[in-house]
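# Tertiary structure, described
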Amino acid sequence: MAWGQGARKPILGLLFRAQQQAARGYSSSAFQTRVLGTHVPQNDMFNRRFSSQVSSSEQMNLIKQLRERTSAPIKDVKVSLVSCNWDIEAAQKDLRKRGVVLAAKKSSRTAAEGLLAIAQDEKRAAAIELNCETDFVARNDVFQYLASSVAKMALSAQGPGQLFLPFGPEYLENMSINLDHPKLSGKTTVQSAVTEVAAMVGENVKFRRGFILSTTAHGVVSSYLHTCPQPGLGRIAGLVTLEAEDSSVSLDALKTVGSSIAMHIVATKPLFLSKELVSAAAVENEREILRTQAESSGKSQMAMDKMVEGRLRKYFEEVVLMEQKYVLNDSTNIKAVLNDLSKEVGSKVTIGNFFRMQVGEGIERPEAADGSEPVAHAA
């Protein structure tokens with residue numbers, strides 16, 4: 001008993017000193033080494049995490065710097081810095097290695113948000129869709145820079161010369177792209193750049209599709225982007241080509257009207273250019289639906305036939321661009337707008353091609369957490 005009481009004081013003294021040293025930032029194992037004068041192997045991760053050589057303020061500064069350099073999630077930034085003993089250059093390389101693996105793991109997750117990007121010149125326009133999982137990432141400057149760069153890449157690519165060319169990711173993903181951004185630089189492939197951005201933002205990022213619209217005649221390619229965070233980017237796009245028969249006509253008026261019609265296309269979602277281009281099967285299908293609706297009215301056959309034809313005209317006004325009411329002046333339609341433009345420039349002006357695209361259309365979204373049905377956007 002006497003021995004126990006006598007030994008308690010030095011033991012308590014050691015514990016007290018250990019607490020003091022811990023309060024100053026030393027680990028208990030480091031203190032034990034100093035007191036006993038022995039070389040005990042210490043846990044690397046423990047020492048890095050509580051290293052006395054890197055102060056808390058320095059650690060926070062390194063985390064901030066690496067986050068600004070890479071845009072990687074803060075959790076991943078801290079893990080890489082700790083594992084690389086707070087060497088910021090080594091941690092940046094480590095993040096890139098980790099990112100490729102993490103991006104591969106996330107590639108199966110639904111990416112239905114994102115942006116459309118358009119690049120164009122006098123005769124051609126390229127529009128691409130770059131997807132991510134949340135609209136928060138779509139506002140990221142690195143994501144937006146990549147979207148714009150891929151659109152410019154698509155515009156510069158030598159295509160097969162078609163006036164309207166839809167394409168998938170395989171068209172561009174293996175092509176070289178030069179990136180000049182503080183967080184993205186150097187020559188790489190489109191697919192590698194997409195993977196790198198996915199690693200930075202911590203989400204599944206996909207280059208989904210694109211379109212190239214051209215005109216070989218005397219005309220213009222006009223575009224309009226809706227919900228536009230910066231020039232050339234948006235969530236809904238409308239593109240149209242206007243062509244004049246007379247090659248001496250000034251194109252200024254065509255550009256002005258073309259921009260308005262591109263905006264009209266975004267607002268009204270036309271499916272066909274003219275009534276002649278609506279397939280016979282589509283017309284007959286619509287006629288059958290309208291006939292069934294008319295039969296429930298109980299009116300005479302003649303009255304029902306008039307109802308069907310009247311509603312069929314309304315159907316054409318809804319889905320045929322040339323028959324649609326002009327969104328800037330609903331007292332006229334697109335056909336009349338083109339007739340007025342032709343008179344103004346002194347030459348017949350026609351629409352060559354058009355298309356409309358929207359972020360996430362056709363992608364089936366996962367079921368919501370509240371149990372509601374998945375939302376799908378018709379292409």
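Conventions and cut-offs
- Numbering of residues starts from 1 in every chain and runs along the sequence as written.
- Given that this is a predicted model, residues contribute local features only at a pLDDT of at least 70 and side-chain atom pairs are listed and counted only at 80 or more, while totals for whole chains, interfaces and linings are drawn from all residues.
- The basis for the side-chain values is all heavy atoms of the structure; hydrogens and waters are excluded.
- The rule for pairing is simple: two strands pair if DSSP sees at least two bridges between them.
- By the criteria applied, helices consist of DSSP H or I runs no shorter than four residues and strands consist of E runs no shorter than two, each listed in order from the N terminus.
- When checking whether two residues touch, look at their non-hydrogen atoms; a contact exists if any pair is within 4.5 Å.
- For helices, the fitted line uses only the C-alpha atoms of the stretch in contact; every axis is such a line through C-alpha atoms, and the angle between N-to-C directions lies from 0 to 180 degrees.
- Multiplying 1.5 Å by the residue count of a helix minus one yields the expected span of that helix.
- Partly exposed describes any residue whose relative accessible area lies between the buried limit of under 20% and the exposed limit of over 50%, with all areas from a 1.4 Å probe on protein chains only and scaled to the type maximum.
- In protein, a polar contact means a hydrogen-donor-capable atom and an acceptor-capable atom, both N or O and within 3.5 Å, with residues adjacent in sequence counting only if both atoms are side-chain atoms; elsewhere, any N or O pair within 3.5 Å suffices.
- Any angle that is under 35 degrees is reported as roughly parallel, and any over 145 degrees as roughly antiparallel; angles of 65 to 115 degrees are reported as roughly perpendicular and all others as oblique.
- The nonpolar class holds Ala, Val, Leu, Ile, Met, Phe, Trp, Tyr, Cys and Pro. Asp, Glu, Lys and Arg form the charged class, and all remaining residues, Gly among them, are polar.

Pairing is antiparallel across the open sheet formed by five strands, whose spatial order is 3-6-2-1-8. Edge positions in the sheet fall to strand 3 (164-167) and strand 8 (233-234), since each of these pairs with one other strand and no more. Across the face of the sheet, helix 8 (residues 141-156) comes into contact with strand 1 (113-120), strand 2 (124-132), strand 3, strand 6 (206-214) and strand 8 while running at roughly 145° to strand 2.

Our focus in this paragraph is helix 8. Given a rise of 1.5 Å per residue, 16 residues ought to cover 22 Å, and the 23 Å separating the end C-alpha atoms of helix 8 matches this to within 8%. Extensive coverage of helix 8 is indicated by the burial of 12 of its 16 residues. All of the buried residues in helix 8 are Val142, Phe143, Gln144, Leu146, Ala147, Ser148, Ser149, Val150, Ala151, Met153, Ala154 and Leu155. By the N-cap criterion, in which a side-chain oxygen at the helix start approaches the backbone nitrogen of a residue two or three places on, helix 8 is capped by Asn140, the distance to Val142 being 2.7 Å.

Let us look at the packing of helix 10 (residues 252-268) against helix 13 (residues 334-345). Running from amino to carboxyl end, helix 10 crosses helix 13 at an angle of 170°, the nearest separation of the two axes being 11 Å. If you check the angle between helix 10 and helix 13, you find them roughly antiparallel. Between helix 10 and helix 13, the contacting residues are Ala253, Leu254, Val257, Ile261 and His264 on the first element and Ile334, Val337, Leu338, Leu341, Glu344 and Val345 on the second. Here the contact of helix 10 with helix 13 is built from residues that sort into nine nonpolar, one polar and one charged.

Spatially, 7-9-12 is the arrangement adopted by the three strands of the open sheet, whose pairing is antiparallel. This sheet does not close on itself; its edge strands, each paired only once, are strand 7 (219-226) and strand 12 (349-358). Neighbour-to-neighbour, the strand axes of the sheet open up by a mean angle of 15°, direction not taken into account. Direction of pairing for strand 9 (residues 236-244) relative to strand 12: antiparallel, over a ladder of eight bridges. By the bridge assignment for strand 12, Ile236 is matched with Gln358. Along the sheet face, helix 10 touches strand 7, strand 9 and strand 12 and points at about 140° away from the line of strand 9. Across the face of the sheet, helix 13 comes into contact with strand 9 and strand 12 while running at roughly 135° to strand 12.

Honestly, that's just the spatial picture; any functional story needs more than this.
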